[in-house]
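# A look at the structure
Listed below are the residues making up each chain.
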2 protein chains.
Amino acid sequence: MAKLTITDIAGRAGVSKATVSRVLNKQAAGVGRETRARIQRILDETGFQPSATARTLSTGRSHSVGLVIPDIANPYYPLLVSGVEQTLVAAGYSLVLCNTGGNVAKEAAYIGILIDKGVDGVILNSSTSQDDSHVRLLEDADIPLVLLDRVVGRRAARYGVFVDNHFGARQAAEHLLARQDCALVFINGPPDLSQSIERRAGVEAAFAKSGLPRDRLRVVEADCTLEGGRRAIADLIEAAWDGSGKRRLSFNAAFAANDLMAFGALRALRHIGVLVPDEVEVIGFDDVEFARLAEPPLTTVAQPAMEMGAASADLILQLIAGARPRQKTLMMTPRLVLRGTTGARPASASETPRKGAKEHG
Amino acid sequence: MAKLTITDIAGRAGVSKATVSRVLNKQAAGVGRETRARIQRILDETGFQPSATARTLSTGRSHSVGLVIPDIANPYYPLLVSGVEQTLVAAGYSLVLCNTGGNVAKEAAYIGILIDKGVDGVILNSSTSQDDSHVRLLEDADIPLVLLDRVVGRRAARYGVFVDNHFGARQAAEHLLARQDCALVFINGPPDLSQSIERRAGVEAAFAKSGLPRDRLRVVEADCTLEGGRRAIADLIEAAWDGSGKRRLSFNAAFAANDLMAFGALRALRHIGVLVPDEVEVIGFDDVEFARLAEPPLTTVAQPAMEMGAASADLILQLIAGARPRQKTLMMTPRLVLRGTTGARPASASETPRKGAKEHG
DNA sequence: CGGCCTTTAGAAACCGGTTACTTTAACTGG
DNA sequence: CCAGTTAAAGTAACCGGTTTCTAAAGGCCG
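Residues numbered from 1 in each chain as written. Chains lettered and ligands numbered in written order. Predicted model: local features only at pLDDT ≥ 70, side-chain atom pairs only at ≥ 80, totals over all residues. Heavy atoms only, no water.

## Section: the pattern of salt bridges
Residues and elements named next belong to chain A. In the structure shown here, the tally under the stated rule is 32 salt bridges over all chains. Between Asp-132 and Arg-136 there is a salt bridge, with its nearest N and O atoms 3.7 Å apart. Among the residues examined, Arg-136 registers a relative accessible area of 45% and is labelled partly exposed. Taken together, the shared-partner salt bridges connect Asp-132, Arg-136, Glu-139 and Arg-158 into one network. (Salt bridge = Lys/Arg side-chain N within 4 Å of Asp/Glu carboxyl O. Buried < 20%, exposed > 50% of the residue type's maximum accessible area, 1.4 Å probe, protein only.)

## Details of the protein's contact with DNA strand C
Near DNA strand C there are 26 residues, and of these Ile6(A), Ser21(A), Ser58(A), Gly32(B) and Thr35(B) occur at the shortest range. Sugar and phosphate atoms constitute 63% of the interface atoms of DNA strand C, taking the interface as everything within 4 Å of the protein. Interatomic distance of 3.5 Å between a backbone N/O atom of Gly14(B) and a phosphate oxygen of DNA strand C. Between a phosphate oxygen of DNA strand C and a main-chain N or O atom of Ser16(B), the distance comes to 2.8 Å. (Near = heavy atom within 4 Å. Polar contact = N/O pair within 3.5 Å; in protein donor to acceptor, adjacent residues only side chain to side chain.)

## Quick notes on helix α2 (residues 17-24) of chain A
Residues and elements named next belong to chain A. Looking at α2, one finds that the buried residues are Thr-19, Val-20, Val-23 and Leu-24. Across the axial projection of α2, the buried residues extend over an arc of 140°, all falling on one side. Those residues of α2 that are buried lie in contact with α1 (6-13) and α3 (33-46). Positive backbone phi, at 55°, marks Lys-26, one or two positions downstream of α2. (Helix = DSSP H or I, 4+ residues; strand = E, 2+ residues; numbered from the N terminus. Arc of directions from axis to C-beta. Contact = heavy atoms within 4.5 Å.)

## Re unusual backbone geometry
In this model, Val276(A) is joined to Pro277(A) through a cis peptide bond whose omega is 10°. The omega angle of the peptide bond from Glu295(B) to Pro296(B) is -5°, so this bond is cis rather than trans. With a phi close to 60°, Asp181(A) is a non-glycine residue in the positive phi region. Using a relative accessible area of 54% as the deciding quantity, one classes Asp181(A) as exposed. Positive phi values are uncommon outside glycine, yet Asp287(A) reaches one of about 65°. Positionally, Asp287(A) belongs in the loop between β9 (281-286) and α12 (289-293). Of the residues examined, Asp287(A) reaches a relative accessible area of 21% and is grouped as partly exposed.

Here it is in structure tokens:
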């Protein structure tokens, strides 16, 4: 059965395309009660669905939004996607998913495709904070843009939904640094990400306040994958190997810029039989679902991923509707969740008031 | 800067739209060397990108494919999505993601939207195996369809990529049933899924072969979530509670139809201090990334998720290209991966040859 | 040198909707 | 009874491409 067009419907009803179109769009004026009813009946009988493509060409609105993310396989992103998707679909929009694999070239290519496709807006969780040439393309084409999770270009210049990375990292670092004689390793993500810069700053701030000697903080960089985190720690262990049979660790606390790397670190530690949290304490970032499930459950800085996704979708819908909210950036507050990979701390009055709450069970 | 159109380009080059179109589409014939070069130069200078919408309307091909999945937050699906996405983008197609949350009505609604949008094909990981009315809609509209992971309607009737659920479940059940005095609980998914039926049949087959008395197998149903798996086991524990302080378990082996439910089961068991695998052995299904990471690492039936996604994308691309492969269904073989939630078995000659391999580390 | 073939390029229809503008008819009020 | 309004419905242009058909020009051959 060939696909019906509005002309077919018009033919059957003995009216013009224009009239059918008016009924389709539920326009109050311009169609008589009787005619409208007749057309409506034919619409219902045939189950006619107008072509979204034709409508898009004619109206310039596609009712779809592009979502660009680095890596759907990283368990943090599905939550983000889920939040975006739910909000969009509720508003009658659909989602074009662009998974860049952290590849900046692929990201740029995807943005080009989204422009061609005529999406009404783009939510961008970019893999680079430096080069914003592809983002300019969007702006030149006047397509609303919401940055998600990672800043591109000047922070306040564009709409965006972020988490307070500095705060979150500081909380985590402070907690670790309160340990007796702490020697901290910070496993950061790629250094060209705004995120990485902010988190590092948070760690440094906490470290400065601790007054510990400079060599007690080491910062290493990894690629946000489990294997990257594992190798980062394995390398450190290797480097401290003194040739004798006895293993010596050069650190007793590790903070990873995401949970996946934290799990990798734990894996490396477990591999050589290091006890967590007794010998080394570990904190991650994100709070993916499995952080709770791991044994021991992972202490981590929780980000409200689903809410962030939903918020970015809300924002893009507003922009598409033509609104231009004063408040350009929405900053969410992360929360340190204490679980099993960190040890108990003596309740001390001197400690900063903490947002993190101990979870039970 | 207003968006350029093909007419603008034609104007600048002093030629007609038709000629520009021929250059755009790299048609060999119909344009002189010199003219072609001049137009090409203007194209490059302006960075002109033709509107995909207009092209779609005109040619009837959208170069996009819809992917319908039940739940992106379930860690099994991102892998599937990733496999699909990589294959599609490599072929110049883009991906419209439809997350149904297991809601059949939402699934049907999404299929309607995909038809309107004029996607060239649909990959459907359905939440129902019964009602295929919405799938018929696709077929009426002559839109190629590939079923993924779950059968809808008669198995051989439609193109699809599946895993041999019967085999996988049988492997797992056999392994568990080899335990001394085994009392097995099978936590199945929703009973209206083809998957669930097949896996159950696999379990029943293994059980029948074991010769154990009927009451040694219990089948319960849950909703494929972690919480569902947890509750299923918690309920069984509750039911076996004899009022005294001493806990009695009515089973010593559990096989869950996915890893998430297996983790839920482990959680319920841990909650009352049951030792795994000593007191109860547990096997999951899927082999999500965290199965390896959990402590103890989860024994599970591994599905090649990424490959399945890629295979389904390959198949839909073939169908879009007009091919109609003889072989309608592609059946992947799952593999039992023995890890820490099952105990060692005495190597016995009588045992079925096993595909599963013991992993190290 | 004229007719025919081929190449180049343009004109126009088409894809399936939306919408500004126009026509027709009925209704209102002076 | 007729001018003025208003509601209903149609006509046609338009969105931005693709494609078929056709016209013009250039080259080759007899």
